[in-house]
Amino acid sequence: FMTTVMDNSMIAQNTCLQMCVVGRNTFVGAGSTFTDYNLRVLIYLAIQPDKRATIAEIAKAFGISESHLMKVVHFLGKHGFLANVRGKGGGLTLAKAPEEINVGAIVQLTEADALLAECFNEDHNACVITRVCQLRRVLGEAAKAFNDVLNQYTVADLVALDGRTELLDHPHGF
């Protein structure tokens, strides 16, 4: 996959997911830390569907900030992907079956504002060659193909049974 640096704050260092991201079939951007963390949380919860997890537990498992994960959990909950049980014995669980959570939908939600090139921004495009340049058409075609592939997969596909043992044997203990 191609990663293009558009904004240093969008590029994660040492993340397990760096990819081109597609949203609304019209643009491609660099996979953000936010997208990476959203997918990690969903994968973590899908691996152990009968167990509630805390933000602290997930943060420790991946070696990432609890404050970042709080934003991720809020986002996923707001969009109906997570259920949060408060109080003693509480924690996070998937609000939907892993088979019902589409990877493409998650990526599109988390990267809704990502743009690869200025010509994809209808409101702020000052590129002088847009009218004759074919870059937008070519990238749009690639974005559609990429989006089509992501839409073929669910969170269940990301934690297929044959890989669960390896994921559970992770050095951080999840």
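Keep in mind it's a predicted model, so treat the numbers as computed, not measured.

(A) Geometry of the environment of Ala-156. On the secondary structure map, Ala-156 appears in helix α6 (residues 155-158). Separated by 113 residues in sequence, Ala-156 and Ile-43 have C-alpha atoms that sit 8.2 Å apart. With residues near it in sequence (within four places) discarded, Ala-156 still touches Pro-98 and Glu-99.

(B) Focus on the packing of helix α1 (residues 33-47) against helix α3 (residues 66-78). Orientation of α1 relative to α3, taken along the N-to-C sense of each, is 70°, at an axis distance of 10 Å. Taken as axis vectors, α1 and α3 run roughly perpendicular relative to one another. Contacts between α1 and α3 involve Phe-34, Tyr-37, Asn-38, Val-41 and Leu-42 from the first element and His-68, Leu-69, Lys-71, Val-72, Phe-75 and Leu-76 from the second. Looking at the contact of α1 with α3 residue by residue, the class counts come to 8 nonpolar, 2 polar and 1 charged.

(C) Spotlight on the side chain of Thr-110. Checked against the element boundaries, Thr-110 lands in helix α4 (residues 103-110). Within polar-contact distance, the side chain of Thr-110 engages the side chain of Thr-35 at 2.7 Å. A polar contact of 3.2 Å, which involves the side chain of Thr-110, links it to the backbone oxygen of Val-107. When neighbours within four sequence positions are excluded, Thr-110 is seen to be in contact with Phe-34, Thr-35, Asn-38 and Phe-75.

(D) Local environment of α3. End to end, α3 covers 18 Å across 13 residues, agreeing with the expected 18 Å (1.5 Å per residue, within 8%). Listed as buried for α3 are Leu-69, Val-72, Val-73, Phe-75 and Leu-76. Seen along its axis, α3 keeps its buried residues to an arc of 160°; they face one direction. For α3, the exposed residues set more than 90 degrees away from the buried face come down to Met-70, Lys-71, His-74 and Lys-78. Downstream of α3 by one or two residues, Gly-80 has phi in the positive range, about 80°.

Thresholds applied
- Residues numbered from 1 in each chain as written.
- Predicted model: local features only at pLDDT ≥ 70, side-chain atom pairs only at ≥ 80, totals over all residues.
- Heavy atoms only, no water.
- Helix = DSSP H or I, 4+ residues; strand = E, 2+ residues; numbered from the N terminus.
- Contact = heavy atoms within 4.5 Å.
- Axes fitted to C-alpha atoms, helices over the stretch in contact; angles between N-to-C directions.
- Parallel < 35°, antiparallel > 145°, perpendicular 65-115°, else oblique.
- Nonpolar A, V, L, I, M, F, W, Y, C, P; charged D, E, K, R; others polar.
- Polar contact = N/O pair within 3.5 Å; in protein donor to acceptor, adjacent residues only side chain to side chain.
- Expected span 1.5 Å × (residues − 1).
- Buried < 20%, exposed > 50% of the residue type's maximum accessible area, 1.4 Å probe, protein only.
- Arc of directions from axis to C-beta.

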